[in-house]
Amino acid sequence: MSPTPGTVLLSGVVGSTAYGFAHAGSDVDRLGLFAAPTEDFHGLHRPAESHVTTEPDVTLHEAAKWCRLALTCNPTASELAWLPDELYETRGPLGEELISIRASFLSAKAVRNSYLGYADQQFRKLLTRDTSDPVTRRRAAKHGRHLVRLVEQGVRLHETGENVVRLPDPERIRELGERIADHPADAEPLLAAAAERFARPGVLPAAPDPRPAEAWLRRVRAAHYTPPAR
């Protein structure tokens, strides 16, 4: 991970590698969360909540910001707590604790809004792509893949309570994404079917339980506090 003020508590490889889409030449995306020194919150200016670099592609969120994102079921942020074990690169004791409370961040409405909302964004991007150009055609295929991924991950999460980051059949999703890139209308039945399944009762609570996150964050702050010298 890239240098950052504070201590990285949990980090790993996300994105296409995690989903099973990666191929030779694919970028490797990393995501993590860190604890800023607690005393840095006591002054006039608060510490930066995110650090983003390219080459390498690394995004790090401060612990409180990551919790806020996860409580909205943001798909990109949330997957950090659901990665396959081999994709974690940093997994300290507080990171382990966070993984153990990951289900408490979930709620039915937020999962539906986030996953269907992001899938709809991908669909709208598809409608503006000129696929006669090879570069934009590749981007359209990426939008198609991620649209299918978001729909399938979101519905599974709604119905089972499990966020399966490593897709069981990535080649099928890749092929479907390619087809949708050329024929965006093919995505409409997928989106409609997902909306129908989200409308049925699932296993997730109506609202998340923020208490485990609050208690965890207070342990993070206590662990990363250095009293001022007298």
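Right above here is the structure, for reference.
The structure presented is a predicted model; accordingly, all values stated were derived computationally and were not measured. (Residues numbered from 1 in each chain as written. Predicted model: local features only at pLDDT ≥ 70, side-chain atom pairs only at ≥ 80, totals over all residues. Heavy atoms only, no water.)

Draft legend 1. View of the side chain of Ser 114. Structurally, Ser 114 is set in helix H5 (residues 108–126). By relative accessible area, Ser 114 is classed as buried at 10%. (Helix = DSSP H or I, 4+ residues; strand = E, 2+ residues; numbered from the N terminus. Buried < 20%, exposed > 50% of the residue type's maximum accessible area, 1.4 Å probe, protein only.)

Draft legend 2. Structural context of the packing of aromatic side chains. All told, the structure shown has 2 aromatic pairs when counted by the stated rule. Measuring from centroid to centroid gives 5.9 Å for Tyr 19 and Phe 21, while their planes differ by 65°, and the two rings are edge-to-face. Each ring, one from Trp 66 and one from Phe 105, has its centre 5.4 Å from the other, and the planes form 75°; the classification is edge-to-face. Of this pair, Trp 66 sits in helix H2 (residues 63–71) while Phe 105 sits in the loop between helix H4 (93–100) and H5, and the two are 39 residues apart along the sequence. Considered together, Trp 66 and Phe 105 belong to a single accessibility category, that of buried residues. Positioned above the aromatic ring of Trp 82 is the side chain of Arg 102, whose terminal nitrogen or guanidinium carbon lies 4.0 Å from the ring centre. Of note, Arg 145 hangs over the ring of Phe 21, and the distance from its end group to the ring centre comes to 5.8 Å. (Phe/Tyr/Trp six-rings, centres within 6.5 Å; stacked < 30°, edge-to-face > 60°. Lys NZ or Arg CZ within 6 Å of the ring centre and 35° of its normal.)

Draft legend 3. Geometry of helix H8 (residues 187–199). With 13 residues, H8 should reach 18 Å at 1.5 Å per residue; the first-to-last C-alpha distance of 19 Å fits that figure. For H8, the full list of buried residues reads Ala 187, Leu 191, Ala 194 and Phe 198. Down the axis of H8, the smallest arc covering the buried residues is 65°, so these residues share one side. Exposed side chains of H8 directed beyond 90 degrees from the buried face belong to Pro 189 and Ala 199. Packing partners of the buried residues in H8 comprise H5, helix H6 (134–160) and helix H7 (170–182). (Expected span 1.5 Å × (residues − 1). Arc of directions from axis to C-beta. Contact = heavy atoms within 4.5 Å.)

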